[in-house]
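Analysis of the macromolecular model
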Amino acid sequence: MSYLPLIPNSYAESDRTLPESIPSSADRITAGESPFATSELASFRERMREFARTCIAPYATEWDEAGTFPLDLYRQAAHAGVIGAGFDPAYGGTGGDIRHTLIVKEELARFGSGGVRVGLTTHSIALPPLLALGNETLKRRIAPAVLRGEKLMALAVSEPSGGSDVAGIQTHAVEDGDHFVVNGRKLFISTGIRADYYTLAVRTGGPGKAGLSLLLVERGTPGFLQHPLKKMGWWSSDTAELVFDNCRVPRSNLIGEEGQGFVGLMKNFNQERLGNTAIVLGASKACYDEAVHWARNRLVFGEALIGKQVTRHKLVDMATQIQAVDTQLSLLAWRFSRGQADAAQIAMTKNIATETYERCANEAVQIHGGHGVLRHNRVDRLFRESKMLSIGGGAAEILKDLAARQLGL
Ligand SMILES: Cc1cc2nc3c(=O)[nH]c(=O)nc-3n(C[C@H](O)[C@H](O)[C@H](O)COP(=O)(O)OP(=O)(O)OC[C@H]3O[C@@H](n4cnc5c(N)ncnc54)[C@H](O)[C@@H]3O)c2cc1C
C-alpha cells in the first residue's frame, strides 16, 4: 500500500521556494533612510541578493548534505562582485567600502546558506593582514588570483590548546637559512582543506603578543597536512585541523616584519566583528521571514497561526531585536567608514546580534512546531547554524571582557 507524502516536496525542500517569498517581511522592519539607503548601495544589495537567490539557495540543501559546494562558484561569485567587494582595485578588488562588505555578508547569510557564505568569504579574514602588512611582491602574487575566485585563502590562528587566547599561540617557526621551519597544529580552520593559501599565525619570538608573526603557507608544502572536521552547522563549508611537521616555509613568505603578527590580526578584528554582525543579522531576518510565512499559512484550531496574539507578539519580539541590531550596525558602519571604530561598541553589538540570532532561530523553529525540526527545512538549518558565531570570531565572553576593559570597568 502506498501513502501520499505528508509534507509536499515543495515544502520539504523549502530552499527551492525561497524566491516566491521576496520581497520579504523582514525588509519592512528596517525600511527607511539609513547610511545604506543610497541608490548605488540599493542596487548593489539587489545584485548580491539575486546571486544568493539564484546561485546558492536552490542548491543549499544538496550542498549541505554533500558537505561541500562546487569550486566554480568562487569564479561565479567573483564575476558577480561578491569576492572583491570592499577590496582595493589596485590588487584586483571591486572597490567600495565597509558597507559593501557588510551587504555581501548579510545577503549571503539571509538568502543563501551559512556554509556557502563562510566558504565564499574566508578570504575576507585571511587577505586583509596580507594587504595591510605584506610587501608588494607578495600582495601582487596572491591577492588578484584570490579576488578573481581562482585561488582560495584561509586564516589559521586558533589552536587545539585554545582559540580565545591568541597571545598564547604555540605553533612555532624557527629560522633556518632562507626558510622558517614550522611545527604545531591549528584547529577549526574554515576552508582549511580547499584553500590554496593560509595566513598562518606562528610564534617566532618569546612569549606573549610580541612574539607572534604571520606567514603565508601554500597548500602542498611538504610537512603541511590537513584533516577534515565535521560540525553542527555550516556543513557545506570545509573546516579542518592543520598539522605542521617540520614544514619549511620560504622567508619571503613572511607577512610584514617578525613580531607584527598580533598587530596584523588586530587590525582586522573590528571589521571582522562588524562582518559577523551583518551575517547574524541576515540569518535573523531569514528566521523572521520563515516564521511569518509559516504563521500566515499554518492553520491551528481552524485559524491561521498568526491570528493568535501570542504568535504576533513572538514575531514582534523578533522584529524588535532585528531592528535594534540593524540600526546599530548602520551606525557603527558609518563611524567605521570615518575612522571612528570603537572596539567596545563593536564587540557589544556583535554579542547582541548573535543573541538575537539564537533567539530568532529558536522562535522560528517553535512557530514551525514539528515541521521545524525536519531535515531539509530551512529553519532547521538556520537553527543548527545559530551557535556558530557566538563562539567563532571571538566568543561572547571574550568580547565582554574586551568591552569591560575599553569601558574602564
Ligand atoms: C565553525 C567555526 C569556524 C571557525 N573558523 C576559524 C578560522 O577560519 N580560523 C581560525 O583561526 N579560527 C576559527 N575558528 C575558531 C574560533 O575562533 C574559536 O573557536 C574561538 O576563538 C574560541 O576558541 P576555542 O574554541 O578554542 O574555545 P576556548 O578558547 O577554549 O574557550 C571555550 C569557551 O570558554 C569561554 N572562555 C574562554 N576564555 C574565557 C575568559 N577569559 N573568560 C570567560 N570565559 C572564557 C568561552 O565561552 C569560550 O567559548 C572557528 C570556529 C568555529 C566554531
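Residues numbered from 1 in each chain as written. Predicted model: local features only at pLDDT ≥ 70, side-chain atom pairs only at ≥ 80, totals over all residues. Heavy atoms only, no water.

An unreviewed UniProt entry lists the chain under the name Acyl-CoA dehydrogenase, with Rhodoferax sediminis as the source organism. Entered under Cofactor (unreviewed entry) in the UniProt record, the comment concerning the chain runs "FAD". If you open the UniProt record of the chain and go to Sequence similarities (unreviewed entry), you find "Belongs to the acyl-CoA dehydrogenase family." (UniProt positions renumbered as here; feature names shortened; annotations may be inferred.)

1. Considering the packing of aromatic side chains
According to the stated counting rule, one finds 5 aromatic pairs in the structure shown. Seen from their ring centres, Y59 and W63 are 5.2 Å apart, and the 25° between their planes marks the pair as stacked. Put simply, the rings of Y59, W63, F69 and Y74 touch in pairs and so form one group of aromatic residues. Positioned above the aromatic ring of W234, the side-chain terminus of R117 is 5.4 Å from the ring centre. Over the ring of W235 we find R384, and its NZ or CZ is 3.6 Å from the ring centre. (Phe/Tyr/Trp six-rings, centres within 6.5 Å; stacked < 30°, edge-to-face > 60°. Lys NZ or Arg CZ within 6 Å of the ring centre and 35° of its normal.)

2. Some remarks on helix α7 (residues 114-121)
Of all 8 residues in α7, 8 are buried; the element is thus mostly enclosed. Taken residue by residue, α7 has G114, G115, V116, R117, V118, G119, L120 and T121 as its buried positions. (Buried < 20%, exposed > 50% of the residue type's maximum accessible area, 1.4 Å probe, protein only. Helix = DSSP H or I, 4+ residues; strand = E, 2+ residues; numbered from the N terminus.)

3. A closer look at the UniProt feature "domain: Acyl-CoA oxidase/dehydrogenase middle" (unreviewed entry) in the chain
Under the local residue numbering, the UniProt record ascribes the feature "domain: Acyl-CoA oxidase/dehydrogenase middle" (unreviewed entry) to residues 154-247. Along residues 154-247, the helical share is 0% and the strand share 52%, with 17 Å between the first and last C-alpha atoms.

4. So, the site of the ligand
Around the ligand, the surrounding shell holds 19 residues, and the nearest of these are S158, G163, S164, F188 and E397. Backbone polar atom of L155 to a nitrogen atom of the ligand: 2.8 Å apart, as the coordinates give it. Between the ligand and E397 there is a distance of 2.8 Å, counted from an oxygen atom to a side-chain nitrogen or oxygen. Protein chains shield 67% of the accessible area of the ligand, which is 960 Å² for the free molecule. Sorting the residues of the shell around the ligand by element identifies β1 (153-156), β3 (179-190), α14 (388-391) and α15 (396-406) as the ones contributing at least two each. Looking at side-chain class alone, the shell around the ligand contains 10 nonpolar, 6 polar and 3 charged residues. Of the domains in this structure, domain 2 (152-259) and domain 3 (263-406) are the two that each give at least three residues to the shell around the ligand. (Near = heavy atom within 4 Å. Polar contact = N/O pair within 3.5 Å; in protein donor to acceptor, adjacent residues only side chain to side chain. Areas by Shrake-Rupley, 256 points an atom, 1.4 Å probe, with all protein chains shown as cover. Nonpolar A, V, L, I, M, F, W, Y, C, P; charged D, E, K, R; others polar. Domains from an automatic or database assignment.)

5. A closer look at the environment of G211
Positionally, G211 belongs in the loop between β4 (197-203) and β5 (212-218). Residues in contact with G211, not counting those within four places in the same chain, are V202, R203, T204, G205 and G206. (Contact = heavy atoms within 4.5 Å.)

6. Some words on the UniProt feature "domain: Acyl-CoA dehydrogenase/oxidase N-terminal" (unreviewed entry) in the chain
Residues annotated by UniProt as "domain: Acyl-CoA dehydrogenase/oxidase N-terminal" (unreviewed entry) correspond here to residues 39-150. Helix makes up 71% of residues 39-150 and strand 0%, whereas the separation of the span's terminal C-alpha atoms amounts to 31 Å.

7. Overview of the environment of A319
On the secondary structure map, A319 appears in helix α11 (residues 309-337). Along the chain, A319 and A26 lie 293 residues apart, while their C-alpha atoms are 7.6 Å from each other. Non-local contacts of A319, meaning those with residues more than four positions away in its chain, are made with I29 and Y288.

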